[in-house]
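Okay, here's what each chain looks like letter by letter:
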Amino acid sequence: MSDPTGDGPGDTAPDGSAVELYARLPPGSDPELLHSRMPPGANILDLGAGTGRLADPLVDLGHPVLAVDASPTMLARVRSAATLTSSIQDLHLPQRFDAVLLASHLINSPTKDLRRDLLSSVERHLLGTGQAFIEWHPPSWFDALDPERSYTGTIGDFTTTLEIHSLAQGLLHATVAYQDHRTDQTASTWRHTFTAQRLTRELLQAEADAVGLTIGHALPGAEHWLIASPRPGT
Ligand SMILES: C[S@@+](CC[C@H](N)C(=O)[O-])C[C@H]1O[C@@H](n2cnc3c(N)ncnc32)[C@H](O)[C@@H]1O
């Protein structure tokens, strides 16, 4: 399976995500949703923060946020959160946080070692009393996909089209196109080709167990966000 790729106007991060796209995409209701599940003023570490699409609104909601990303061009677009360029796997900060975000379905990576290293980074940066918020594609999302068709949706002013190249043995290879309707089509379409692994809660829990994390419930009304917490005594 090929590495993730992206195309469209502007720079692209190594994972295929387009900087200009993420600078434009609206955050939707996720910042308020996450905020509502955290203590007021909770210290947040956003792993894979990109342009600060979630991090900046969380600062506006009263949280100190450290936005970490492998891409300095992504982080250059962050408005108010503190930033640090690093891979998530190699991050070893001296401090721990009340809340750690691992957004954007990074946990659905098809590489088991990477999933373990992402979860390990979440665990080592989380206070014993803290909570992690992990965004995933639930198994039901994969199970509802028909490889013979494409899927169109909307995110704010954007139309998204998911085109499936293959879906076999829980491995999805697909391209998602994002079109911004506020500008002309050629200047405003981005494509991101990626591979995502279907994970069950049991498999994810087994992988989380190995690094001392317990996977809890999904956020009510937002099945794509799972809450995780440090296993007592780790
Ligand atoms: C799809 S973008 C989303 C950014 C942000 N979470 C959001 O929701 O808008 C994914 C981001 O994760 C970053 N990323 C992916 N894998 C990473 C890794 N292993 N270490 C650090 N950053 C990573 C990419 O550089 C990119 O900026």
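Residues numbered from 1 in each chain as written. Predicted model: local features only at pLDDT ≥ 70, side-chain atom pairs only at ≥ 80, totals over all residues. Heavy atoms only, no water.

Draft legend 1. Focus on the site of the ligand. By nearness alone, 19 residues border the ligand, and Gly48, Arg53, Asp69, Gln89 and Ser104 come closest of all. A distance of 3.1 Å is found between a nitrogen atom of the ligand and a backbone nitrogen or oxygen belonging to Ala70. When the ligand is considered free in solution it has 590 Å² of accessible area, and contact with the protein chains removes 92% of it. Here the shell around the ligand is composed, by residue class, of eight nonpolar, eight polar and three charged. (Near = heavy atom within 4 Å. Polar contact = N/O pair within 3.5 Å; in protein donor to acceptor, adjacent residues only side chain to side chain. Areas by Shrake-Rupley, 256 points an atom, 1.4 Å probe, with all protein chains shown as cover. Nonpolar A, V, L, I, M, F, W, Y, C, P; charged D, E, K, R; others polar.)

Draft legend 2. Seen up close, helix α5 (residues 112–124). The terminal C-alpha atoms of α5 lie 18 Å apart, and with 13 residues this matches the ideal 18 Å at 1.5 Å per residue to within 8%. For α5, the full list of buried residues reads Arg115, Leu118, Leu119, Ser121, Val122, Glu123 and Arg124. Each element contacted by the buried residues of α5 is listed here: β2 (44–47), β5 (97–102), β6 (126–135), β10 (189–197), α7 (201–209) and β11 (213–219). (Helix = DSSP H or I, 4+ residues; strand = E, 2+ residues; numbered from the N terminus. Expected span 1.5 Å × (residues − 1). Buried < 20%, exposed > 50% of the residue type's maximum accessible area, 1.4 Å probe, protein only. Contact = heavy atoms within 4.5 Å.)

Draft legend 3. Geometry of the pairing of strand β7 (residues 151–155). Note that β7 and strand β8 (residues 158–168) share five bridges and pair antiparallel. Pairing of Gly153 across the sheet is with Thr160, part of β8. Following β7, the chain reverses through two residues before pairing antiparallel with β8; Gly156 in that reversal takes a positive phi of roughly 55 degrees. (Pairing = 2+ DSSP bridges.)

Draft legend 4. View of unusual backbone geometry. In this structure, His105 takes a positive phi of about 60 degrees despite not being glycine. Within the secondary structure, His105 is located in the loop between β5 and α5. Even without being glycine, Gln169 reaches a positive phi, approximately 50 degrees. With respect to the helices and strands, Gln169 occurs in the loop between β8 and β9 (171–180).

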